[in-house]
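# Observations on the model geometry
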Amino acid sequence: MRLRHKPWAKEYMEAQEHIFIPNPDQLKGKWAEEFGNDHPLFIEVGSGKGQFILGMAKQYPDVNFIAIELFESVAVSIVQKLVDTPMPNVRVLTVDAKQLVEYFEAGEVDRVYLNFSDPWPKTRHAKRRLTYKTFLATYEAVLPKGGEIHFKTDNRGLFEYSLQSMSQYGMFFTEISLDLHADEPEDNVRTEYEERFSALGQPIYRMEAVFRPKN
Ligand SMILES: C[S@@+](CC[C@H](N)C(=O)[O-])C[C@H]1O[C@@H](n2cnc3c(N)ncnc32)[C@H](O)[C@@H]1O
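Here is a short report on the structure shown in this document.

Criteria and cut-off values
- Residues numbered from 1 in each chain as written.
- Predicted model: local features only at pLDDT ≥ 70, side-chain atom pairs only at ≥ 80, totals over all residues.
- Heavy atoms only, no water.
- Buried < 20%, exposed > 50% of the residue type's maximum accessible area, 1.4 Å probe, protein only.
- Helix = DSSP H or I, 4+ residues; strand = E, 2+ residues; numbered from the N terminus.
- Pairing = 2+ DSSP bridges.
- Axes fitted to C-alpha atoms, helices over the stretch in contact; angles between N-to-C directions.
- Contact = heavy atoms within 4.5 Å.
- Core = buried A, V, L, I, M, F, W, Y, C linked by side-chain atoms within 4.5 Å.

## A look at the pairing of strand β4 (residues 111-115)
Side-chain positions along a regular strand alternate between the two faces of the sheet. Of all the 5 residues making up β4, 4 are buried; the element is thus mostly covered by neighbouring parts of the structure. Bridge count between β4 and strand β5 (residues 148-153): 5 bridges; the pairing is parallel. Within β5, the position partnered with Val 112 by the bridge is Ile 149.

In structure tokens form, the structure reads like this:
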């Protein structure tokens, strides 16, 4: 993701109440109140400019969605789109996924999406991959027992690593595709990166991984 300096982003986002949440720790355990309903809550970690989460929110109006994006200069694009086309079932947070437990109670999140996460190809950077075991533990802590991660990438190395990391963590897989677009499901919502890499002829890898319930 190319980062552009946008010094106005924070102030602009903070003015958009009920789109951007500046202090998400205050809503821990209270997201149903914030949305005004008890619909399922799906989060996307590393939402980029939001094409996926906004497409999903449109397709599934009875699901609440939260975009988690580290950088304000990137997340502001999601907020701008929501200002142009309001959607009551989306909120945006600019926080680091490693701190999810500060913002969500155990079991408060119903599903985690990871799309085209940064691959961090150097072994010494493995801990930064969003499927490294410490991140998996964080997702597990906010999901219900048997919670799911849905993962897409163009990066074969990251896909292989993630299968291994999740498997070593004790997760199992209910879906694995090595070429999602060869027979693209009708309900697939493409991300920005997915469009870009697919246009270059690269296969898109996808999996659904499930945490094995612990006693
Ligand atoms: C390569 S982009 C993919 C964007 C989008 N998901 C897509 O598929 O088009 C990865 C995004 O993840 C964000 N990101 C990386 N690490 C993160 C973290 N620890 N917490 C939240 N967001 C993160 C980056 O800032 C970047 O915008």
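## Notes on the sheet that holds strand β1 (residues 41-45)
Judged by pairing direction, the sheet is mixed, and its 7 strands sit side by side in the order β3-β2-β1-β4-β5-β7-β6 without closing on themselves. Taken across any chain shown, the strands that pair with only one partner, and hence form the sheet edges, are β3 (90-93) and β6 (172-177). Taking each pair of neighbouring strands and ignoring which way they run, the sheet shows an average axis angle of 15 degrees. Bridge count for strand β2 (residues 64-68) against β3 is 4 bridges, and the pairing is parallel. Paired with Ile 68 across the two strands is Leu 93, which belongs to β3. Docked against the sheet, helix α4 (residues 72-84) engages β2 and β3, running at close to 155 degrees with respect to β3.

## Section: the nonpolar core
The biggest cluster of nonpolar side chains holds 37 residues, and the ones touching the most others in it are Val 45, Phe 104 and Tyr 139. Elements supplying a minimum of two residues to this core: α2 (31-35), β1, β2, β4, α5 (133-142), β5, α6 (156-169) and β7 (205-210). In this structure, Val 45 is in contact with Ile 68, Ala 97, Leu 100, Val 112, Tyr 113, Leu 114, Asn 115, Leu 130 and Tyr 139, ignoring residues within four places of it in sequence. Counting 23 residues, the second-largest nonpolar core is a separate cluster that includes Phe 42, Ala 75, Val 79 and Met 87.

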